[in-house]
Structure formats: structure tokens, C-alpha cells
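Coordinate inspection notes
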Amino acid sequence: MVKYVGFLMVLVIATFMTGCSQPNEPESEEGLPVLITLTCNPDFTFEPCQDVMFDRSDEIRHMMEAIHKAERLPGNLNYGTQYKMSITNADGSVTRYDFSLGMDSEMQGLLVNQEDTSTGYSISLEDSNQLRRLIQRRTD
């Protein structure tokens, strides 16, 4: 009988502790930037352009996923910049990129960290088109 009461108490305590703990959220927003700003480059006159701000976590997550999946391009770059991208983190730090997508759905995007403009990253066609749609929703 004492074994069963001890087991029951451990079970009740474990249930109580589990019920009071925070659930693990796979969609956690921790670590995501708080703002992404795209500012049109006034020297880039090939296509129409509008400044865009992303402050919703779902949009920021899509932007960051595309950035993290971008592939490094070999060699030095010769490129035009459509946008100046600023990524603002929760701690107030800002990372700046040159960012180009264009309007052509068959063109991959280009991302260049402004601290190292000799190294660029190619954004996949699928991600580039997703980002074009995201920008278009914000500018329509």
C-alpha cells in the first residue's frame, strides 16, 4: 500500500509540474529580428521600386529563411543594388545588405553584406519568387 501511495504522489507531482511548465513552441519567435526595412536605391532606375517595412514575425521569418539558405557566389561581384536592406534585431543592432530581386520571376535574388561587398549570395529561384510576392503584398 505504501508503494502505491508513493507512486501516486510522484505521479501527481509530475503531472502538476508538467501542467505548469511552458510548452516548447516549434514556431518560437526568439532570435528573429524585429524589423526588416527595404529602402529603394535611387540610382537603380531599371524597374519601379517602393520602400517596404516588414514587422510581422511570419514575414520576417520568410525573409530570414531565404537569407539563411542563400548560396555563396564565387569570385568578385559587379552588381546593381535595387534595395538597401536593414535588419534590426531585438537588441537594437542592425545588419545591412545590398539586396536585389528584380521583377523577373526567372531571376534569382542577390544578397551582399555591406561589410563585405566582394562576397555575394544567390537566393534560390523559389525563395526569390516567394520574396517578390511578399514585397508585392506590402506594396499593393
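As the structure is a computational prediction, the values presented were derived from the model and not from experiment. (Residues numbered from 1 in each chain as written. Predicted model: local features only at pLDDT ≥ 70, side-chain atom pairs only at ≥ 80, totals over all residues. Heavy atoms only, no water.)

For strand E1 (residues 35-40) and strand E4 (residues 83-88), the ladder comprises six bridges, and the chain directions are antiparallel. Its bridge partner being in E4, Cys40 is matched across the sheet by Tyr83. Two strands pair when backbone bridges link them, and E1 and strand E2 (residues 52-54) are joined in this way by three bridges, in the antiparallel orientation. Residue Ile36 lies in a different strand from E2, and its bridge partner there is Phe54. (Pairing = 2+ DSSP bridges. Helix = DSSP H or I, 4+ residues; strand = E, 2+ residues; numbered from the N terminus.)

If you trace the seven strands from one edge of the open sheet to the other, you get E2-E1-E4-E5-E6-E7-E3, paired in antiparallel fashion. On the outer flanks of this sheet lie E2 and strand E3 (71-72), each paired with one strand and no other. Packing of helix H2 (residues 57-69) onto the sheet brings it into contact with E1, E2, E3, E4, strand E5 (94-100), strand E6 (109-113) and strand E7 (120-123), and relative to E1 it is tilted by some 75°. Packing of helix H3 (residues 125-139) onto the sheet brings it into contact with E1, E2, E4, E5, E6 and E7, and relative to E2 it is tilted by some 105°. (Contact = heavy atoms within 4.5 Å. Axes fitted to C-alpha atoms, helices over the stretch in contact; angles between N-to-C directions.)

In this structure, Leu38, Phe54, Met85 and Phe99 are the most contacted members of the largest nonpolar core, which totals 23 residues. Mapped onto this core, the elements with two or more residues apiece are E1, E2, H2, E4, E5 and H3. Sort the elements by how many residues they give to this core and H2 lands first, with five residues. Setting aside residues up to four positions removed in sequence, Phe99 forms contacts with Leu38, Thr81, Gln82, Tyr83, Met85, Leu110, Leu111, Ile123, Leu131 and Ile135. (Core = buried A, V, L, I, M, F, W, Y, C linked by side-chain atoms within 4.5 Å. Buried < 20%, exposed > 50% of the residue type's maximum accessible area, 1.4 Å probe, protein only.)

For the rest of this paragraph, the subject is the packing of H2 against H3. For the pair H2 and H3, interaxial distance at closest approach is 10 Å and the crossing angle is 150°. Put simply, H2 runs roughly antiparallel to H3. By crossing handedness, the relation of H2 to H3 is classed as left-handed. The residues of H3 that touch H2, namely those facing Glu59, His62, Met63, Ala66 and Lys69, are Asp127, Gln130, Leu131, Leu134 and Arg138. Class assignment of the residues belonging to the contact of H2 with H3 gives a composition of four nonpolar, two polar and four charged. (Parallel < 35°, antiparallel > 145°, perpendicular 65-115°, else oblique. Left-handed = near helix turned anticlockwise from the far one by under 90°. Nonpolar A, V, L, I, M, F, W, Y, C, P; charged D, E, K, R; others polar.)

A word on H2. For H2, which comprises 13 residues, the first-to-last C-alpha distance of 18 Å matches the rise-based estimate of 18 Å (1.5 Å per residue) to within 8%. Where H2 is concerned, the buried positions are Glu59, Ile60, Met63, Met64, Ala66 and Ile67. Mapping the buried residues of H2 onto a view down its axis gives an arc of 160°, with all of them on the same face. Those residues of H2 that are exposed and aimed more than 90 degrees away from the buried face are His68 and Lys69. (Expected span 1.5 Å × (residues − 1). Arc of directions from axis to C-beta.)

So, about the pairing of E5. Of the pairings in the sheet, the one linking E4 to E5 comprises six bridges and is antiparallel in character. Residue pairing across strands places Ile87 opposite Thr95, the latter belonging to E5. Strand direction decides the pairing type here: E5 and E6, joined by four bridges, are antiparallel. Across the sheet, the residue bridging to Ser100 is Leu110, located in E6.

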